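In case you want the letters, here they are:
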Amino acid sequence: MKTLTVDLGERSYPIHIGPELLGAGELIAAALPTPRAVIVTNETVGPLYAQRLAEGLEAAGIKVVARTDLPDGEQHKSLATLETVYDRLLESRADRQTAVIALGGGVVGDLAGFAAATYQRGVPFVQVPTTLLAQVDAAVGGKTAVNHPRGKNMIGAFYQPRVVVADMDTLATLPDRELRAGFAEVVKYGLIRDPAFFAYLEEQAPAILGRDPGALTEAVYRSCRNKAEVVAADEREAGQRALLNLGHTFAHAIETGTGYTDWLHGEAVAAGMVMAAETSRRLGFLSENAVTRTRALLERSGLPVAGPAGLSTDRYLEIMGVDKKAAGGRVRYVLLEDIGRAFVTAEVPEATVREAIEACR
Ligand SMILES: NC(=O)c1ccc[n+]([C@@H]2O[C@H](COP(=O)([O-])OP(=O)(O)OC[C@H]3O[C@@H](n4cnc5c(N)ncnc54)[C@H](O)[C@@H]3O)[C@@H](O)[C@H]2O)c1
Ligand SMILES: O=C(O)C(=O)C[C@@H](O)[C@H](O)[C@H](O)COP(=O)(O)O
Ligand SMILES: [Zn+2]
């Protein structure tokens, strides 16, 4: 097992990464104030992994007072589903010390995290991520949210977990398409701040996507190390944390514009990062060679490098207008000046954004 720390003073917490961690209830018990918990999972992950997690917790002295299996899918990351979690917490008489443990991908993690942030004004929260995307990104850093039909993650809170337990063995049952989607967020760290990691991924993508245990663990570890550093430096996105949004202004438009159904978040991020690279090149910040390397890595990893044919450029721009990075009525974009160097700017002509979107059809 490898352990990293997200350094947030009194609210610092560990990220444990390794095999056979699902049953290691003591890792969670060590982080909780009282031995009571509710497991929030979904109808796919619950039947696969909730029992093992619960047995490990009980063996470590944690009583699991309830479990709720939410419907599966991004379209259920909604206020309506959130309400069912509050119902379950109340039915099971969860009190202010009862922990909420999210077991699943980013959808479960984001929604359960927001429930934990708001139920009785905040209860202890634990992340047990079971997708590559959640292990490398969603479970770390404390962004929690649900979607609104008009925009991604529009209702949420910053609320940090007490501990993150990433059991690499759970990835064995993850469909290939989901593994690839998670890889898009891994590539993101290389693009925004870690050129050596990007070069490593260019070489190791086949091993990672082929589920080589060593390569996968290294990818999760280096991704979490990057995210932990950014979050520790800027927990609430006053500055550099916005770089973690590379490609997301476009991606969220794709996800919202397609009704949160056809496109996986990671797939939308892959296409969005190419759009951001194309925008950067058109403005003279990024070389043609860097755009080519970005496209090539994503494309040969089986990720989309073009958006949905049916989404008009006007519709992209309409949805992008409510992006959370917008300030003073202007959308702020994360652009690249090299592989491993990103920055945020509002100085992007709309015509250039249109061209970049259209270059990615
Ligand atoms: N909070 C953050 O910082 C952050 C970061 C990135 C993404 N996100 C959010 O995360 C969400 C995407 O997360 P995701 O890609 O994990 O999607 P997801 O949660 O929908 O999970 C993907 C699919 O895999 C299934 N699954 C999960 N674990 C499995 C396993 N071990 N075996 C078999 N099937 C399994 C799920 O049931 C689901 O069908 C989006 O809503 C996105 O906005 C949040
Ligand atoms: O942790 C962050 O900060 C991120 O931006 C990570 C993103 O991968 C993630 O998709 C996040 O939810 C997007 O943030 P949002 O604030 O644009 O909703
Ligand atoms: Zn993301």
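Residues numbered from 1 in each chain as written. Chains lettered and ligands numbered in written order. Predicted model: local features only at pLDDT ≥ 70, side-chain atom pairs only at ≥ 80, totals over all residues.

J.: Explain unusual backbone geometry to me, please; I cannot follow it from the model alone.
T.: Excluding glycine, residues mostly carry a negative phi; peptide bonds, for their part, are mostly trans. Here the phi dihedral of Arg-93 falls at roughly 55°; this positive angle occurs in a residue that is not glycine. Mapped onto the elements, Arg-93 comes out in the loop between helix 3 (79–91) and strand 5 (99–104). Take Arg-93: there are 10 C-beta atoms within 10 Å of it, and that puts it in the exposed class. In the Ramachandran plot, Arg-211 falls in the positive-phi region, its phi being about 65° despite a non-glycine side chain. Residue position: Arg-211 is located in the loop between helix 7 (195–209) and helix 8 (213–233). (Helix = DSSP H or I, 4+ residues; strand = E, 2+ residues; numbered from the N terminus. Buried ≥ 20, exposed ≤ 12 C-beta atoms within 10 Å, placed from the backbone.)

J.: Looking at this structure, I do not really get the sheet that holds strand 1 (residues 2–6). What am I missing?
T.: Backbone-to-backbone hydrogen bonds join strands into a sheet, with any given pair of strands oriented parallel or antiparallel. Pairing within the open sheet is mixed, and its seven strands lie in the order 1-2-9-6-5-3-4. Of all the strands in the sheet, just strand 1 and strand 4 (63–70) have a single pairing partner and so form its edges. This sheet shows a mean twist of 15° between the axes of neighbouring strands, independent of strand direction. Bridging between strand 2 (residues 13–18) and strand 9 (residues 163–167) involves four bridges; their strand directions are parallel. Within the sheet, the bridge partner assigned to His-16 lies in strand 9 and is Val-165. Relative to the sheet, helix 2 (residues 45–59) contacts strand 3 (36–42), strand 4, strand 5 and strand 6 (125–129), its axis offset from that of strand 3 by approximately 165°. Packed on one face of the sheet, helix 4 (residues 106–118) meets strand 3, strand 4, strand 5 and strand 6 and runs near 170° to strand 5. (Pairing = 2+ DSSP bridges. Axes fitted to C-alpha atoms, helices over the stretch in contact; angles between N-to-C directions. Contact = placed C-beta atoms within 7 Å.)

J.: Would you mind showing me how to read the pairing of strand 4 here?
T.: Working note: regular strand, side chains alternate between the two faces of the sheet. Pairing of strand 3 with strand 4, which is carried by seven bridges, proceeds in the parallel orientation. Within strand 4, the residue paired with Val-40 across the bridge is Thr-68. You can see the chain leave strand 3, run along helix 2 and come back into strand 4, and the turn it takes is right-handed. (Right-handed = clockwise from strand over helix to strand, strands pointing away.)

J.: It is not clear to me how the site of ligand 1 should be interpreted in this structure. Could you clarify?
T.: Among the 30 residues in the neighbourhood of ligand 1, the closest are listed as Gly-105, Gly-106, Val-107, Thr-131 and Ala-138. Secondary structure elements with two or more residues in the shell around ligand 1: helix 2, helix 4, helix 5 (132–138), helix 6 (176–193) and helix 10 (265–282). (Near = placed C-beta within 6 Å.)

J.: Help me out: how do you make sense of the site of ligand 2 in this one?
T.: The full set of residues close to ligand 2 is Asp-137, Gly-141, Lys-143, Lys-152, Asn-153, Glu-185, Glu-237, Arg-241, Leu-244, Asn-245, His-248 and Lys-324. Class assignment for the residues of the shell around ligand 2 results in one nonpolar, four polar and seven charged. If you count residues domain by domain, the shell around ligand 2 takes at least three from each of domain 1 (2–173) and domain 2 (176–359). (Nonpolar A, V, L, I, M, F, W, Y, C, P; charged D, E, K, R; others polar. Domains from an automatic or database assignment.)

J.: I would appreciate a short explanation of the nonpolar core in the present structure.
T.: Side chains that are nonpolar tend, in soluble globular proteins, to be buried together. Ranked by internal contacts, the top residues of the largest apolar core, which has 116 residues, are Ile-39, Val-40, Val-100, Ile-101, Leu-103, Ala-115 and Ala-276. Each of domain 1 (2–173) and domain 2 (176–359) contributes no fewer than three residues to this core. Excluding its chain neighbours within four sequence positions, the residues that come into contact with Ile-39 are Ala-50, Leu-53, Ala-54, Val-64, Arg-67, Ile-101 and Leu-103. (Core = buried A, V, L, I, M, F, W, Y, C linked by C-beta atoms within 7 Å.)

J.: Looking at this structure, how should I read the UniProt feature "domain: 3-dehydroquinate synthase C-terminal" (unreviewed entry) in the protein chain?
T.: Those residues carrying the UniProt feature "domain: 3-dehydroquinate synthase C-terminal" (unreviewed entry) are residues 182–326 in this numbering. In residues 182–326, helix accounts for 67% and strand for 0%; the two terminal C-alpha atoms are 26 Å from one another. (UniProt positions renumbered as here; feature names shortened; annotations may be inferred.)

J.: I tried to follow the domain arrangement of the protein chain on my own but got confused; where do I start?
T.: Partitioning the protein chain into structural domains gives domain 1 (2–173) and domain 2 (176–359). Placing the centre of domain 1 and that of domain 2 at their C-alpha centroids yields a distance of 25 Å. Taken together, the contact pairs 28 residues of domain 1 with 32 residues of domain 2. For the side of domain 1 that touches domain 2, the secondary-structure elements that each account for two or more residues are strand 1, strand 2, helix 5 and strand 8 (151–158). Broken down by element, the side of domain 1 that touches domain 2 gets its largest block of residues, five residues, from helix 5.

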